[in-house]
Protein chains: 2
Amino acid sequence: MSKTALADKSGLSLSAVSDHVERLLTEKLIKVANVGKSSGGRKPRLYTLNRHAGNVVAIELGTSSVRVALCDFDCSIICHDRAAVDLAEGPENVLKRVLALTGKLMSGHGIRKETVMGIGIGIPSPVEFISGLPVSPPIMPGWDRYPIREFWAKHFNCPCYVDNDVNVMALGEHAKGLSFEVDNMIYVKIGTGIGAGVICDGSLYRGASGSAGDIGHFDVGADVLCWCGNTGCLEATAGGKAIAGKARELAVTGRSRFLQTVLQEKGELSLKDIRAGIEQLDPLCTELIRESGEWVGRVIASLVNFSNPSLVVIGGGVAEFGDVFLASVRQGIYRRSLPLATRHLQINKSILGKMSGLIGCAFMTVDQLILGSTDNKPETFLTSSR
Amino acid sequence: MSKTALADKSGLSLSAVSDHVERLLTEKLIKVANVGKSSGGRKPRLYTLNRHAGNVVAIELGTSSVRVALCDFDCSIICHDRAAVDLAEGPENVLKRVLALTGKLMSGHGIRKETVMGIGIGIPSPVEFISGLPVSPPIMPGWDRYPIREFWAKHFNCPCYVDNDVNVMALGEHAKGLSFEVDNMIYVKIGTGIGAGVICDGSLYRGASGSAGDIGHFDVGADVLCWCGNTGCLEATAGGKAIAGKARELAVTGRSRFLQTVLQEKGELSLKDIRAGIEQLDPLCTELIRESGEWVGRVIASLVNFSNPSLVVIGGGVAEFGDVFLASVRQGIYRRSLPLATRHLQINKSILGKMSGLIGCAFMTVDQLILGSTDNKPETFLTSSR
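Residues numbered from 1 in each chain as written. Chains lettered and ligands numbered in written order. Predicted model: local features only at pLDDT ≥ 70, side-chain atom pairs only at ≥ 80, totals over all residues. Heavy atoms only, no water.

Naming follows an unreviewed UniProt entry, where chain A appears as ROK family transcriptional regulator of Paenibacillus darwinianus. The heading Function (unreviewed entry) in the UniProt record of chain A holds the text "Transcriptional repressor of xylose-utilizing enzymes." Under the heading Sequence similarities (unreviewed entry), UniProt records this for chain A: "Belongs to the ROK (NagC/XylR) family." (UniProt positions renumbered as here; feature names shortened; annotations may be inferred.)

A. Region of interest: the sheet that holds strand 13 (residues 311–315) of chain A. All names here are of chain A. Strands sit in the order 12-11-10-13-14 across an open sheet of 5 strands; the sheet is mixed. One side of each edge strand has no neighbouring strand; the edge strands of this open sheet are strand 12 (203–204) and strand 14 (346–349). Taken together, the 2 bridges between strand 11 (residues 194–200) and strand 12 define a ladder with antiparallel strand orientation. Bridging from a neighbouring strand, C200 pairs with S203 of strand 12. Across the face of the sheet, helix 5 (residues 165–176) comes into contact with strand 10 (185–190), strand 11, strand 12 and strand 13 while running at roughly 125° to strand 10. Taken strand by strand, helix 10 (residues 283–307) contacts strand 10, strand 11 and strand 13, and its axis lies near 160° from that of strand 10. (Pairing = 2+ DSSP bridges. Helix = DSSP H or I, 4+ residues; strand = E, 2+ residues; numbered from the N terminus. Contact = heavy atoms within 4.5 Å. Axes fitted to C-alpha atoms, helices over the stretch in contact; angles between N-to-C directions.)

B. Just the relation of the copies chain A and chain B, in detail. Rotating chain A by 180° about the axis while translating it 0.0 Å along that axis superimposes it on chain B, leaving an RMSD of 0.1 Å. Taken together, the rotation and translation describe the operation of a two-fold axis. Both copies contact each other with a shared surface, as 100% of the interface residues of chain A are interface residues in chain B too. (Least-squares fit on C-alpha atoms with pLDDT ≥ 70 in both.)

C. Geometry of the interface of chain A and chain B. The interface is formed by 47 residues belonging to chain A together with 47 residues belonging to chain B. Both sides of the chain A and chain B interface together cover about 3700 Å² of buried area, and 53% of this is carbon and sulfur. The largest contributions to the chain A side of the interface with chain B come from F306, R336 and L340 of chain A, which together make up 22% of the buried area. For the pair chain A and chain B, the interface holds 4 salt bridges. There are 28 residue pairs in polar contact (both at pLDDT 80 or more) connecting chain A and chain B. Elements with a minimum of two residues in the side of chain A that touches chain B: helix 2 (14–26), strand 11, helix 10, helix 11 (323–336) and helix 12 (339–342) of chain A. No other element matches the 6 residues that helix 10 of chain A contributes to the side of chain A that touches chain B. The residue inventory of the side of chain A that touches chain B, partitioned by class, reads 20 nonpolar, 19 polar and 8 charged. (Buried area = accessible area lost by both parts, 1.4 Å probe. Salt bridge = Lys/Arg side-chain N within 4 Å of Asp/Glu carboxyl O. Polar contact = N/O pair within 3.5 Å; in protein donor to acceptor, adjacent residues only side chain to side chain. Nonpolar A, V, L, I, M, F, W, Y, C, P; charged D, E, K, R; others polar.)

Have a look at this one:
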């Protein structure tokens, strides 16, 4: 982008943009890309991220596994790997496992600690972004207010940023996915749990205490008890666990011969089996996914009415069911949304898929490094978070 | 505020703030308030709005009446009046009525056209803010894309700004009501209709096409048909019209003796009669309001989970029921919201009451004039909106 375009986009004055550009050129975080088209006068210089400025470590913690990626400074993934972890083993044990995996990746690809400029982590918990602390995580026992950044500061001499997993997925999708041009976007992840990440006027919106986007416990009026103690929560009605539970019932009662056979053979049922059922044209498997999609769509309709985005991106494991799921989500949205709110609304499946979280972790890190925020240097937060 | 504080709040550089301050001092829109406390060096100058810079006309259009206020440049109301209007008479007729009322107020208070710096209007319709045009208004037949600004430009030589009525109420409440310090706030209006205005990271959030905050058609799962064609909409379940309808049923069936007597005497029932019923300890009147409050609270709980504000303000005619209503709204919110989202959440009744819309119209106008937006000078939009 040119300085003029950067000023437009950021709302900063041209002189402020020039100051930032000079600093970032000196720090070698950006470089001159080429010379743009002239609109009459001198041709403007265009600036771009310097992908060789250094490396970024992206870490995505899930309930049962962790993904780690090494990226260049342009958020492109150089290499990645995953490993099984159990979050219930507590932060020390889990993070040691993640550190080992990171070390293995680095030595395997000849990347030294000194070139790592920052570490970005997405975790399945509400996060106080400014301190990087998990806050009352419902599915991470023992992690409440655990200083994750401090752990990494013992091993790397660079800043570390922590955010909620769905937030980083939304960031990834916004930065490198469907469209960076879209200013108002909602990313909805439908996996075991259901959550949303909100891009509001061009930036990630975290809310007053970092819990924005928590849509898993929207009341959809269904007669199901949720682990949170309420009834009718979206997650308990349409999430991956709910789908698997209903599939089990269809198998046990013999209503779906297909699922019954699979359950008898394997002793358990997963989302993969339901996908196989859809491919084999088992109508009850298709119905399960359609039903989930409609519930999700009805809730997204409310979000669309309330926040009037121009793009909704559907991601997560259940979204992998493809067109059957997406069509019923769309139907649910159009049925309950107001005409004005859906007039220019796009509803699409994530194109980054499983990579959106890792790319988002890298983007969050590069974004913060570019901003030059000084409140997250190891020497600062090592004392402040104690 | 000092220049330093303005730079902090706006995110602009100190030099950009200085430029703006100089321009606004020259235009006499702001003035030096006094000299602030020193934090060591020279004492900083504090700047404030120049309330004598000129006048602002604030207009709030409702379905059956209009309110007009003349304000000073600090958004304080000098005088105001209201008149009955029927929006269905179409824009020309209604706006002529509003113009006459405005003229009457001005001559009554010796305010000349030349001192009017801007006009701010709130209307019960989605609005494309940039053009000031109503877009597909469901309850304003004949107003779709009617150029309201053009109408005023024929009579006043100053900019005119139009926005949705609930948006201006949220602005008013944020600017002069409960707290200007709050960055994330939801204002919920419960009257005949139900809607929300969203303050997001310090600014009014309008969404991609200006329809953000439309919560009246959230699906609450109740078995009622809404005028929009869907079933179970919040507005059709808990709005003023729904409450009046249920009251009528209680009267006709004789379940509430109190309401039955009132209906027989007056031939109709209004919200005022239900309030009288509550004061006379009619349990069914109290139950009506409690029920409405709980439905509203359940929907606000979803909004709280999704957008994690630090303040929810309840306004509109039904909010005037006071503690009975507010207590049940709170109950609904706490029952369905996540602990983290409600930890520091305040839920309050509007303190500006019926004035929030007018004050918000004035604030919107002053805000735009201070920003110095040039795209709304009569000579610009007279041509562009055709």
